[in-house]
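Below are the chains, spelled out letter by letter.
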Amino acid sequence: MEAFTQHIGTAAPLRRSNVDTDQIIPAVYLKRVTRTGFEDGLFAAWRNDPSFVLNQPEYDGVSVLVAGPDFGTGSSREHAVWALLDYGFRVVVSSRFGDIFRGNSGKAGLLAALVEQDVVEQLWTTIESDPGTKVTVDLENKTISAGDVSAPFEIDDYTRYRLLNGLDDVGITLSHADEITAYEATRPSFKPATLPAKA
Amino acid sequence: MGRTLSEKVWDAHVVRHADGEPDLLYIDLHLVHEVTSPQAFDGLRLAGRGVRRPDLTIATEDHNVPTFDVDKPIADPVSRTQVDTLRKNAEEFGIRIHTLGDPDQGVVHVIGPQLGLTQPGMTVVCGDSHTSTHGAFGAIAFGIGTSEVEHVLATQTLMQARPKTMAVTVDGVLPDGVSAKDLVLALIAQVGTGGGQGYIVEYRGEAIRALSMEARMTICNMSIEWGAKAGMIAPDETTFAYLQDKPHAPQGVDWEAAVEYWKSLATDEDATFDREVVLRAEDIAPFVTWGTNPGQGIPLSESVPSPDDFDNENDKVAAERALEYMGLTAGTPMREIHVDTVFLGSCTNGRIEDLRAAAGVLAGRKVAEGTRMLVVPGSGRVRLQAEAEGLDTIFKDAGAEWRGAGCSMCLGMNPDQLAPGERSASTSNRNFEGRQGKGGRTHLVSPLVAAATAVTGTLAAPADLPPVAVPANA
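Residues numbered from 1 in each chain as written. Chains lettered and ligands numbered in written order. Predicted model: local features only at pLDDT ≥ 70, side-chain atom pairs only at ≥ 80, totals over all residues.

Peer 1: Got a minute to help me understand the overall build of chain A in this structure?
Peer 2: Along the backbone of chain A there are seven helices and eight strands. For chain A, the spread of C-alpha atoms along the three principal axes comes to 65 × 40 × 25 Å. Within chain A, buried positions represent 44% of all 199 residues. For chain A, long-range pairs separated by at least 24 residues make up 71% of all intrachain contacts whose partners lie at least 6 apart in sequence. (Helix = DSSP H or I, 4+ residues; strand = E, 2+ residues; numbered from the N terminus. Buried ≥ 20, exposed ≤ 12 C-beta atoms within 10 Å, placed from the backbone. Contact = placed C-beta atoms within 7 Å.)

Quick look at the structure:
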């Protein structure tokens, strides 16, 4: 995973709450077995609507999404994160995220920045008054700023550490393989195994 | 100080704890399906890694499989590739798989319990948010993304921050005709879709204890719909009786040891929860959703709410949008809403008791003209059991379609989808915009309400139906 320290880019305001993962990418777009190419499914139901924010020419090339509360609730599909990344987003800002979505973001390299709802409102106003406004997201200092708005955001320390260093989780865990083996030796014999199969 | 059920199970799975880091948690059972696993297996191959514990891993195909003509090759080539990819990965990595046509093929969350692989005190994960279903056995069970699927395949562990604890206590006795689905929909309407965020929830109290295992699974299944990390119910005699004759239940002395351990998992008397919610079972009635998230629900006896009924500005805007999407007018009695399609199935309500409940309503009755009903058993074994009991005949005689096992119209990934503007009464778990097909409109309901709705063609409970006519010469 690429290290993430600071990101500067323009932003799109998504003035909706409860944008669940089915709206981020509907199930029919989850059939690919590859890791890329999911941008075609991003917000699929809204992409044909000329009034949808991402269809406005002033929001071409945005890389920060400022969304309403409860963004990414619902399904565990990491494809939602991949679709946002494939479209070009590096940061999503909201006052509340679905848990699994936020976890998946941290794994895949999308920064999910948690802020107070009034910060979201201020960012919306700032962006809408000038869509060219550059938004700076500083992971080192956990701050987001745009125009006159400057605010801290929350992210758990461990995800921040991993993003800053671009670390591979599996690699970290495998460095503790001895501890996993030691734990396995203590598992009770009544715990079930899938193999051999019993019917 | 005493510990809660979830704390006991969590503590028993910590491989490594370090301050300032998430715990490294051991995973007892990993369920795998075709949609969220291909990129994880690719990741293993790229890094030259294997599956650490194929014997704690099991795969089935459910999300993207058809529910008819299952003996023929899958028609959609992209879906076929995804299913074939899972089969190839299972073979390459030595993972047990149940494919179309096998009795143990079906929705992952129906398969684990039916095989007896889901047991109390375990940690269970799957690349699917409704993994919370398995919490009904007193397991910590939660959904994970594909990166985490890869992590579990490679290490049989996950890094997880310890969640807070919450108790949802349901006192009293559920009224007749009110089911687990109504209970959980009423709960979500009260606490909101984000109300459980950051918590492992323990459902407890008299009304929960009285529920069957399958009803408990319905409750725990919907935990994710109010944002909880997981939902759990303490194992008891109901749990042990359910497990006893399942294929992978412990045998002999192992059974004795297991039951003794399982009994020790109950929350201690002096344990405290970070948050508590109390509901009275007597207050709960048949419940349906009117909007586009599972928290937008009301009793069936009420009318479509108005955005002005909500104080919070976000809720007001969300309600306006939901009514527009759903094509509903405030003030319309819920019972007057016409339904095009009734879907009975899913990991929420696709088990044998759900099918029996619906068949009990449909026996001697017909699905209304202008309404279609799809019955999709949760697994091949549920289908076989239903056929052994003659339930398939009841459904077919009523005019419903009797299908093969899978996720089907719950998520609209296979050919079972709503057309734009079409309205469903669905026993599934999500009424999100477009969930069951682009432009489709979903009302979440219990199996009893689903069956009664099929008969009237409008949202209804069994109590609304006239008695079944008895032939004059009987």
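Peer 1: Any chance you could explain the sheet that holds strand β8 (residues 157–160) of chain B here in plain terms?
Peer 2: In a beta sheet, neighbouring strands are held together by backbone hydrogen bonds and run either parallel or antiparallel to one another. Read across the open sheet, the three strands follow the order β1-β2-β8 (chain B); overall the sheet is antiparallel. Both edges of this open sheet fall to β1 (14–16) and β8 of chain B, since each of them pairs with a single strand only. In this sheet, adjacent strand axes meet at a mean angle of 40 degrees when their direction is disregarded. Strand direction decides the pairing type here: strand β2 (residues 23–26) of chain B and β8 of chain B, joined by four bridges, are antiparallel. Looking at β8 of chain B, one finds that Leu25 of chain B is bridged to Leu158 of chain B. Across the sheet, helix α7 (residues 177–184) of chain A lies against β1, β2 and β8 of chain B, angled at about 150 degrees from β1 of chain B, the strand it touches most. (Pairing = 2+ DSSP bridges. Axes fitted to C-alpha atoms, helices over the stretch in contact; angles between N-to-C directions.)

Peer 1: I keep staring at the UniProt feature "binding site: [4Fe-4S] cluster" (unreviewed entry) in chain B and nothing clicks. Help me out?
Peer 2: All names here are of chain B. When the UniProt feature table is mapped to this numbering, "binding site: [4Fe-4S] cluster" (unreviewed entry) covers Cys347, Cys407 and Cys410. Across 64 residues of sequence, these annotated residues stay compact in space, with a maximum C-alpha separation of 8.8 Å. Note on placement: Cys347 falls in helix α12 (residues 346–349). Residue classification places Cys347 among the buried positions, given that 26 C-beta atoms sit within 10 Å. Assessed through the 30 C-beta atoms surrounding it within 10 Å, Cys410 is described here as buried. Those residues within four positions of Cys410 in sequence are excluded, and the remaining contacts are Gly345, Ser346, Ser428 and Asn429. (UniProt positions renumbered as here; feature names shortened; annotations may be inferred.)

Peer 1: Hey, could you run me through the nonpolar core in this one?
Peer 2: Most often, soluble globular proteins have nonpolar side chains that are buried together. Leu65, Val66, Val92 and Val93 of chain A are the most contacted members of the largest nonpolar core, which has 196 residues in total. If you tally residues by element for this core, the top one is helix α6 (residues 180–191) of chain B, at eight residues. Three or more residues apiece are contributed to this core by two domains, here domain 1 (5–276) and domain 2 (310–461) of chain B. (Core = buried A, V, L, I, M, F, W, Y, C linked by C-beta atoms within 7 Å. Domains from an automatic or database assignment.)

Peer 1: Looking at this structure, I do not really get the environment of Leu465 of chain B. What am I missing?
Peer 2: Residue and element names in this part refer to chain B. Here Leu465 lies in the segment after α16 (447–456). Using a count of 14 C-beta atoms within 10 Å as the deciding quantity, one classes Leu465 as partly exposed. Look past the residues within four positions of Leu465 in its chain and what remains in contact with it is Ala452, Val455 and Ala460.

Peer 1: Would you explain helix α3 (residues 99–108) of chain A in this entry?
Peer 2: Every α-helical turn comprises 3.6 residues, leaving residues that sit three or four positions apart pointing alike. The element α3 of chain A is largely enclosed, with a buried count of nine among its ten residues. Phi turns positive, to about 95 degrees, at Gly109 of chain A, one or two residues after α3 of chain A.

Peer 1: Hey, could you run me through the sheet that holds strand β3 (residues 29–32) of chain B in this one?
Peer 2: Residues and elements named next belong to chain B. With respect to topology, five strands assemble into an open sheet ordered β5-β4-β3-β6-β7, the strand pairing being parallel. Two strands lie at the open edges of the sheet, namely β5 (96–98) and β7 (140–143), each paired on one side alone. For this sheet the average axis-to-axis angle between neighbouring strands, irrespective of direction, equals 20 degrees. Across four bridges, strand β6 (residues 123–126) lies against β7 in parallel orientation. Bridge pairing in β7 links Val125 to Phe142.

Peer 1: Would you take a moment to explain the environment of Leu328 of chain B for this structure?
Peer 2: Residues and elements named next belong to chain B. Within the fold, Leu328 resides in the loop between α11 (313–326) and β15 (341–344). Along the chain, Leu328 and Thr272 lie 56 residues apart, while their C-alpha atoms are 44 Å from each other. With near-sequence residues (within four places) excluded, Leu328 lies in contact with Trp290, Val304 and Leu323.

Peer 1: How do you make sense of the domain arrangement of chain B when you look at a structure like this?
Peer 2: Many descriptions give the size of an interface as the accessible area lost when the pieces come together. All names here are of chain B. Taken as a whole, chain B is organised into domain 1 (5–276) and domain 2 (310–461). Between domain 1 and domain 2, the contact holds 31 residues from the first and 31 residues from the second. Those elements giving two or more residues to the side of domain 1 that touches domain 2 turn out to be α4 (108–114), α6 and α8 (213–221). Counting residues per element, the side of domain 1 that touches domain 2 draws most heavily on α4, which supplies four residues. A breakdown of the residues in the side of domain 1 that touches domain 2 according to their chemical character gives ten nonpolar, 14 polar and seven charged. (Nonpolar A, V, L, I, M, F, W, Y, C, P; charged D, E, K, R; others polar.)

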